[in-house]
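Residue-level structure breakdown
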Amino acid sequence: MPATIGAAGVVAHKVEGDHGTPVGTLPLRRVFYRADRVAAPACHLPVEPISPHDGWCDDPADADYNQYVMLPHAGRHERLWREDHVYDIVVVLGYNDSPPVRGRGSAIFLHLPPAGGRPTEGCIAVPEAELRRLLAMGLSEIEVLPPGVAP
């Protein structure tokens with residue numbers, strides 16, 4: 001299916017900050033959403049509203065690397081509560097999380113597309129209607145294929 005991916009394209013060997021979307025089968029773990037902006041999506045996954053105190057650690061030197069964190073947080077992190085609409089619905093993908101390997105990439109999500117057709121920082125983005133449809137259908141994983149490999 002067409003999707004927006006990282007500026008570096010699909011990468012077989014993900015490195016923190018490389019802007020690549022990792023190759024592999026990525027299970028869907030849980031869903032966050034902005035309850036002040038959108039309704040909760042229908043799905044079989046755990047669904048939680050985002051608060052201004054929700055974050056994700058992307059600091060390879062931190063013990064919480066590639067994990068949900070409450071803000072404020074001492075390690076480098078990103079906020080899930082954003083001014084733009086990219087994380088109005090955000091699905092945590094199972095990448096480098098069992099257990100996380102420092103520096104192999106973090107915060108790989110399925111979310112809404114950035115404005116203006118810009119690429120993601122390594123995530124996968126689809127329009128809201130499509131994301132809601134996929135979640136309601138019971139999507140449980142995404143397969144990201146290497147460049148040149150047909151589905």
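Our subject is the structure listed above.
Note that this is a predicted model, so its numbers are computed, not measured.

Rules used in this analysis
Residues numbered from 1 in each chain as written. Predicted model: local features only at pLDDT ≥ 70, side-chain atom pairs only at ≥ 80, totals over all residues. Heavy atoms only, no water. Salt bridge = Lys/Arg side-chain N within 4 Å of Asp/Glu carboxyl O. Helix = DSSP H or I, 4+ residues; strand = E, 2+ residues; numbered from the N terminus. Buried < 20%, exposed > 50% of the residue type's maximum accessible area, 1.4 Å probe, protein only. Pairing = 2+ DSSP bridges. Axes fitted to C-alpha atoms, helices over the stretch in contact; angles between N-to-C directions. Core = buried A, V, L, I, M, F, W, Y, C linked by side-chain atoms within 4.5 Å. Contact = heavy atoms within 4.5 Å.

All right, on to the pattern of salt bridges then. If you walk through the whole model with that rule in mind, you get 9 salt bridges. Residue Arg132 is joined to Glu128 by a salt bridge in which the shortest nitrogen-to-oxygen separation is 3.0 Å. Of the two residues, Arg132 and Glu128 both sit in helix H1 (residues 128-136), 4 residues apart, roughly one turn of that helix. Across the pair Glu130 and Arg133 runs a salt bridge whose closest N-O atoms are separated by 2.5 Å. In this pair, Glu130 and Arg133 both sit in helix H1, 3 residues apart, roughly one turn of the helix. Among the residues examined, Glu130 registers a relative accessible area of 22% and is labelled partly exposed.

It is worth spelling out the sheet that holds strand E7 (residues 77-79) at this point. If you trace the 3 strands from one edge of the open sheet to the other, you get E6-E5-E7, paired in antiparallel fashion. Each of the sheet's edge strands pairs with one partner strand only, and the pair in question is strand E6 (68-70) and E7. Here the average twist between neighbouring strands, direction ignored, is 40 degrees. Pairing of strand E5 (residues 54-57) with E6, which is carried by 3 bridges, proceeds in the antiparallel orientation. Looking at the pairing, Asp54 lines up with Met70 of E6.

As a further point, take the nonpolar core. Judged by nonpolar contacts, the single largest core of 19 residues is most densely connected at Val91, Leu93, Leu110, Leu131 and Leu135. Among the elements of the structure, strand E3 (24-33), strand E8 (89-93), H1 and strand E11 (141-144) are those that each provide at least two residues to this core. Among the elements that make up this core, the one with the highest residue count is E3 (4 residues). In contact with Val91, other than residues within four places in its own chain, are Leu28, Arg30, Val31, Leu45, Ile108, Phe109, Leu110, Leu131 and Leu135. With 11 residues, the next largest nonpolar core counts Phe32, Val86, Phe109 and Cys123 among its residues.

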